[in-house]
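Okay, here's what each chain looks like letter by letter:
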Amino acid sequence: MQEIENMAGQAQEQMETYYPHGEIEVKWQKHWETRKTDKVVEDDTKPKYYVLEMFPYPSGPLHMGHVRVYSIGDALARFFRMKGCNVLHPMGYDAFGLPAENAAIKHDTMPDEWTQRCIGIMKGQQKRLGLSYDWDREVWTCREDYYRWNQFIFLEFHKRGLVERRTSAVNWCDKCQTVLANEQVVNGNCWRHEDTPVRIKQMPQWYLKITDYAEELLSSLDTLTDWPEGVKAQQRNWIGRSEGAMVNFKLVDRETGEAGEDFPIFTTRPDTLWGVTYMVMAPEHPKVMELVEGTEQEETVKQFVDRICLEDRHLRTAEDREKEGMFTGRYAINPLTGGKIPIYIANFVLMEYGTGCIMSVPAHDQRDFEFAKKYDIPIKVVIQPKDEELDADQMAAAFVEIGVMVNSGPFNGVPSDKGIPKVIEYLAEKGFGSGTVQYRLRDWLISRQRYWGTPIPFVWCETCGPQPVPSDHLPVVLPRNVKFGEGNPLATDAEWLKCVCPKCGKPARRETDTMDTFFDSSWYFLRYCDAQNDKLPFAKAAADYWMDVDQYIGGIEHAILHLLYARFFTKALRDCGLTSASEPFQRLLAQGMVTNKAVDPKDGKEKWLKMSKSLHNGVDPQEIIEKYGADTARMYILFASPPTKELPWNDDSIEGRYRFLNRIWRYFHMRKEAILQGMELVEKRFKMTYDEAAEGDRVLLRQTHATIQRITHDLAERQQFNTAISAIDELLNAVGKYKERDDDASAAAVYTAMRTILLTLAPFAPHLAEELWEMLGNTESIFQEAWPEYDEQWLTVETITIVAQHNGKVRARIEVPADADQETIQQLAVEHEAIHRSLEGRAPKKVIVVPGKLVNVVG
RNA sequence: GCCGGAGUGGCGGAAUGGCAGACGCGAUGGACUCAAAAUCCAUUAUCCAUAACGGGUGUGAGGGUUCGACUCCCUCCUCCGGCACCA
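The written sequence of each chain sets the order in which its residues are numbered from 1. To read the labels, note that chains go from A and ligands from 1, taken in the order they are written. Reporting in this predicted model follows two pLDDT cut-offs: at least 70 for local features of residues, and 80 or more for side-chain atom pairs to be given and counted; totals over whole chains, interfaces and linings ignore these cut-offs and use all residues. Where side-chain values are given, they derive from all heavy atoms of the structure, hydrogens and water being excluded.

Visitor: Which residues make up the sheet that holds strand β19 (residues 444–445), and what are the values?
Guide: Sheet strands pair by backbone hydrogen bonding; their relative direction is either parallel or antiparallel. Strand pairing is assigned whenever DSSP identifies at least 2 bridges connecting the two strands. Only runs of H or I of at least four residues qualify as helices and only runs of E of at least two qualify as strands under DSSP, and these elements are numbered from the N terminus. Strand order in the open sheet formed by four strands is β6-β5-β9-β19, with antiparallel pairing between adjacent strands. The sheet is open, and its two borders are formed by β6 (178–180) and β19, each paired with just one other strand. Here three bridges tie strand β5 (residues 163–173) to β6, and the two strands are oriented antiparallel to one another. Pairing of Cys-173 across the sheet is with Thr-178, part of β6.

Have a look at this one:
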């Protein structure tokens, strides 16, 4: 019996060694929620700060990647609030999209119910993390009050000529049962199904003319000085600007043998125009069959085209793919030389770039060279290198460097790089062509043949064709009770399809395509500025107050997709007069992946790999929160590595953060009396000055003020949370080493240090900070308290340790007064026994003194 | 191939021209305890030497600039990410 009691006592004691994180966290979460402490309105008396984490797709429970991005955003939001900023920190859900539709079909429910349930789970966990959002601005993109503004914006874009419906080759995913934008094709496969090759289909689709903004999207990347280089480079790459000339070759007319129809091509090398020995068309070029009609080649060309067009698109255009082609039987005329040039078709020419036809200069382009060798096409040298004479028959590879133009009519002797603009000028003069710029960027295909998205606000009228839905008829509401089965349920919903043509009033049919969900996420940051507006997507004044987003945080996987689309939307909405912003995100932080050990299925070796379901290396945030609390989870994630780097998960290391918070808890309880006494003294204007302070107090207060300086810099400028947290560790260590005395100055010093620990801890571990702040008798939230300022006087020191080096190697440390002049330091160093020994009797040649740091004796 | 990023102890990482390894994890030894846990204290790059003081080497490799280089410049290697026949 006694033994049992004893054991129970021990258990009790053991429990008390850990602070009650669950209880504390739930208490403060309720407190913040009921008081709406994080609600904001525009306020011109404070500087604004807009911090935004990419809103999540509501897939259910959070994963560690979410916890990481929210911990970063929340630390910044809380820090800038304490710094006196008016902080906008919103949250919402990117709630339309295929996974919900597929899950709904699989689990025999409806996408809206499914989505709502997922949002419930996700939001509950976000609240449990203690994230300081203004929930009054929450958006769900699947709600009518959001997607009606998608439709509004779509129609605004339509008015400005930014919407186009056209038929062309599109990417189709069999698993998604819909088309995809170019950006959503990864290595020839669907971005959602990396094992499913996309198929190319000819279909009429809706496009947004992002290419109208290609130039601005490219050039204004240079203004984004606080974006990671890698993201900007990827966007530049994707936009793919290249300068060159459009040259009008002519087709040789079959009847007359004279120059007939135009045959334009794009080239970046107009300086090689005199060396063109053949032309090539893409096999799917619409003119191919027309050209070969009636020629000897008709049948073989047709077979070739059919074969190539059936090949996998990605494989066909891979760089290492064997180049294949054939003569069409037709010729073109080079406008500059009048020469007759054979036209080929080949697998490596792309229909979507330039005009789908190219000129080939085998002497000066490696691909053209290889093709010419294979099919025995003549090679003509028109650029000569400076130091050797090229002979077309002897060449083993194309000469692609800069040289001197030869066999080029009026341009002989001109250096080839200088020749490019000169030839372009000449082409323009003669009416043969003009200088032009081509982009790799394609227009954004935004229609999807699926249900769970924003209906495209158009109707089809037999008489009037496609008609935009008038804005006072918006929204076009997505029907809720639809039947899933074959294809898009909208297309089989007879009731929903019925409508009236807004132009002629006759019965019409609704457009059944919905919008790509990237449409939704391309402007949500603007909606947050004025989330409850029911007259407009957002009021311009509100957007002008809050925009740009000062700090955007999210995963690198959106380097092109979302980030390019959002930049495009901001510019297009600006041109529609809806906002003044030109760029959405001033500063971008691309956070690193959360990784854990897992066996790589590719080679069977154990590695640090991104947490994922398929690798079974995920750690559930819920379990971590239950075991250690949200504060520990957040601190660990910020402490373990810098935010842009990979975060290798370590169970022992998270224990370390938990110990740290427990240690703070214990210190406050152990030293409660001294701290309270110190607080009273400090509040009664008990003023400590450096000159009067005892040495021990000076050391502690120096550390305190240095900590404030460092953490402020780490958060405001460097966004280096790991070192900021380390600084709190160091300050706590200093308090641990501090020898307390039973006097006022000592109590004041301890209080000042402990108060600093609490205030600087608050952005990372807000619950614990609030709890201990309250324990000290404060009645207002710690987040109402101003961020501490450091006081220079405490950073001063009277003696400093100077490192004495001989030829750059540390030989000794010398103590000197902080204000010692250079001569004194120099003399002390030269006379120092260790330096003396190291000099071995030589006289010093030179002595360098770095004030406050070191002295280096050379010789 | 092109573009971007990174290479530092047993591990995560710190230091952006001035003492390399802050802080944390792990490890080792000690205190407390009947014992364990928790906590606290000490040590912890490496090699040589030692009773002790000390000394050599060291930030992917090689070169350079500098009194002094993890840090700047050049050449190269490895890893990660992106793009890749774009005429």
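Having put the structure on the table, let's press on.
Visitor: Requested: an account of the sheet that holds strand β27 (residues 588–591), with residues and values cited.
Guide: Across the sheet, which stays open at both edges, the four strands sit in the order β2-β1-β26-β27 with parallel pairing between neighbours. Because the sheet does not close on itself, it has two edges, and the strands there are β2 (86–88) and β27. Taking the axes of each pair of neighbouring strands and ignoring which way they run, one obtains an average angle of 20 degrees across the sheet. Note that strand β1 (residues 48–53) and strand β26 (residues 551–555) share three bridges and pair parallel. Looking across to β26, one finds that Val-51 is bridged to Gln-551. Only the stretch in contact is used when a helix axis is fitted, and all axes are lines through C-alpha atoms; the angle between N-to-C directions ranges over 0 to 180 degrees.

Visitor: Describe in detail the domain arrangement of chain A, supporting the description with residues and values.
Guide: Domain assignment breaks chain A into domain 1 (19–139 + 525–649), domain 2 (150–209 + 443–518), domain 3 (242–438), domain 4 (670–795) and domain 5 (799–858). For the domain bounds, the source is a domain assignment made automatically or taken from a database. Between the C-alpha centres of domain 1 and domain 3 there is a distance of 51 Å.

Visitor: Can you lay out the environment of Ser-71 for me, pointing to particular residues and giving the numbers?
Guide: Along the chain, the position of Ser-71 falls in helix α3 (residues 64–82). Per-residue accessibility, obtained with a 1.4 Å probe over protein chains only, is compared with the maximum for each type, and a residue is labelled buried under 20%, exposed over 50%, and partly exposed between these values. A residue is classified by how much of its surface remains accessible, and Ser-71, at 1% relative accessible area, is buried. Residues Ser-71 and Gly-22, 49 residues apart in the sequence, show an inter-C-alpha distance of 18 Å. The contact rule is simple, with two residues in contact once any of their heavy atoms fall within 4.5 Å. When neighbours within four sequence positions are excluded, Ser-71 is seen to be in contact with Arg-634, Ile-637 and Leu-638.

Visitor: Could you give an account of the protein's contact with RNA strand B, naming the residues involved and the relevant values?
Guide: Any residue with at least one heavy atom within 4 Å of a molecule or strand is counted as near it. Around RNA strand B there are 59 residues in total, and Thr-267, Tyr-353, Arg-367, Ala-640 and Arg-813 lie nearest to it. At a separation of 3.3 Å, a phosphate oxygen of RNA strand B approaches a polar side-chain atom of Asn-733. Here the surface near RNA strand B is built from residues that sort into 18 nonpolar, 18 polar and 23 charged. Counting of polar contacts relies on pairs of N or O atoms within 3.5 Å, with two restrictions inside protein: one atom must be capable of donating a hydrogen and the other of accepting it, and residues adjacent in sequence are counted only when both atoms are side-chain atoms. Residue classes follow a fixed rule: Ala, Val, Leu, Ile, Met, Phe, Trp, Tyr, Cys and Pro count as nonpolar, while Asp, Glu, Lys and Arg count as charged, and any other residue, Gly among them, counts as polar.

Visitor: Could you give an account of the pairing of strand β9 (residues 199–208), with specific residues and numbers?
Guide: In the sheet, β5 pairs with β9 via 10 bridges, with the strands oriented antiparallel. Looking at β9, one finds that Glu-164 is bridged to Tyr-207. Here β9 runs beside β19; their pairing, made up of two bridges, is antiparallel. Pairing of Leu-208 across the sheet is with Trp-444, part of β19.

Visitor: So what's going on with the packing of helix α19 (residues 621–628) against helix α21 (residues 651–670)? Residues and values would help.
Guide: Two elements in contact, α19 and α21, have axes whose closest approach is 11 Å; the angle formed by their N-to-C orientations is 35 degrees. Considering only the axes of α19 and α21, their crossing is right-handed. Counted together, Ile-624, Lys-627 and Tyr-628 of α19 and Ile-654, Glu-655 and Tyr-658 of α21 form the full contact between these two elements. In terms of residue class, the contact of α19 with α21 is made up of four nonpolar, no polar and two charged. Crossing handedness is read from the near helix: turned anticlockwise from the far helix by less than a right angle, it gives a left-handed crossing, and turned clockwise, a right-handed one.

Visitor: So, helix α25 (residues 744–761): which residues are in play, and what are the values?
Guide: With 18 residues, α25 extends 26 Å between its outermost C-alpha atoms, agreeing within 8% with the 26 Å of an ideal straight helix rising 1.5 Å per residue. Where burial is concerned, most of α25 is hidden: 14 out of the 18 residues are buried. The N-capping residue of α25, defined by a side-chain oxygen 3.2 Å from the backbone nitrogen of Ala-745, is Asp-743. In this analysis, the expected span of each helix is defined as 1.5 Å times one less than the number of residues it contains.

Visitor: If you had to explain the packing of aromatic side chains to someone new, which residues and values would you point to?
Guide: For Phe, Tyr and Trp, where Trp contributes only its six-membered ring, two rings pair if their centres lie within 6.5 Å, and the inter-plane angle classes them as stacked under 30 degrees, edge-to-face over 60, or tilted in between. Scanning the model with the defined rule gives 49 aromatic pairs in all. With a centroid separation of 5.8 Å and 80 degrees between ring planes, the pair formed by Tyr-344 and Phe-371 is classed as edge-to-face. Here the residue Tyr-344 occupies a position in strand β14 (residues 340–346), and Phe-371 occupies one in helix α12 (residues 366–375), the gap between them amounting to 27 residues. Across the pair, Phe-371 and Tyr-344 agree in class, each one buried. Pairwise contacts between aromatic rings join Phe-154, Phe-157, Trp-191, Trp-206, Tyr-213, Trp-444, Phe-458, Phe-518, Phe-519, Tyr-565, Phe-568 and Phe-569 into one cluster. In our convention, an over-ring charge means Lys NZ or Arg CZ found within 6 Å of a ring centre and within 35 degrees of that ring's normal. A cation over a ring is seen here: Arg-148 above Trp-149, with NZ or CZ 4.7 Å from the ring centre. Lying over the aromatic face of Tyr-207, Arg-166 brings its terminal NZ or CZ to 4.3 Å of the ring centre.

Visitor: So what's going on with the confidence of the model for chain A? Which residues, and what values?
Guide: Mean pLDDT over chain A works out to 90, with 98% of the residues at or above the 70 mark. A residue's pLDDT is the predictor's confidence in that residue, given on a scale from 0 to 100. Segment residues 1–15: pLDDT under 50, and zero contacts once partners within four positions in sequence are set aside and those in other chains are kept.

Visitor: Kindly report on the layout of surface pockets, identifying the contributing residues and their values.
Guide: Cavity means a closed set of points on a 1 Å grid over the protein atoms alone, one where a 1.4 Å probe fits but cannot get out, pocket means an open set with protein on both sides within 12 Å along at least 5 of 7 lines, and lining means a residue has an atom within 4 Å of a point. Grid points are joined across faces, edges and corners, and a volume is the space filled by probe spheres set on the points. Of the pockets and cavities examined, the second largest pocket occupies roughly 580 Å³. In this structure, the second largest pocket is lined by 23 residues; those nearest its centre are Val-682, Lys-687, His-705, Thr-752 and Asp-791. Elements with a minimum of two residues in the lining of the second largest pocket: α23 (695–718), α25 and α27 (792–795). At six residues, the largest contribution of residues to the lining of the second largest pocket is made by α25. Looking at side-chain class alone, the lining of the second largest pocket contains 12 nonpolar, five polar and six charged residues.

Visitor: For the environment of Tyr-57, give the residues involved together with the corresponding values.
Guide: Inspection of the secondary structure assignment puts Tyr-57 in the loop between β1 and α3. Tyr-57 gets classed as partly exposed once you look at its relative accessible area, which sits at 22%. Sequence separation of Tyr-57 and Gly-433 is 376 residues, and the distance between their C-alpha atoms is 49 Å. Excluding its chain neighbours within four sequence positions, the residues that come into contact with Tyr-57 are Asp-94, Phe-96, Gly-97, Pro-99, Ala-100 and Met-122. At 2.9 Å, the side chain of Tyr-57 forms a polar contact with the backbone nitrogen of Ala-100.

Visitor: Describe the pattern of salt bridges, naming the residues involved and giving the relevant values.
Guide: Salt bridge, as used here: a side-chain nitrogen of Lys or Arg that lies within 4 Å of a carboxyl oxygen of Asp or Glu. For the structure shown, the criterion picks out 52 salt bridges. Ionic pairing is found between Asp-134 and Arg-137, a salt bridge with its closest N-O pair at 3.0 Å. Across the pair, Arg-137 and Asp-134 agree in class, each one buried. Overlapping salt bridges, with partners in common, bring together Glu-216, Arg-567, Lys-571, Arg-574, Asp-575 and Glu-583 in one network.

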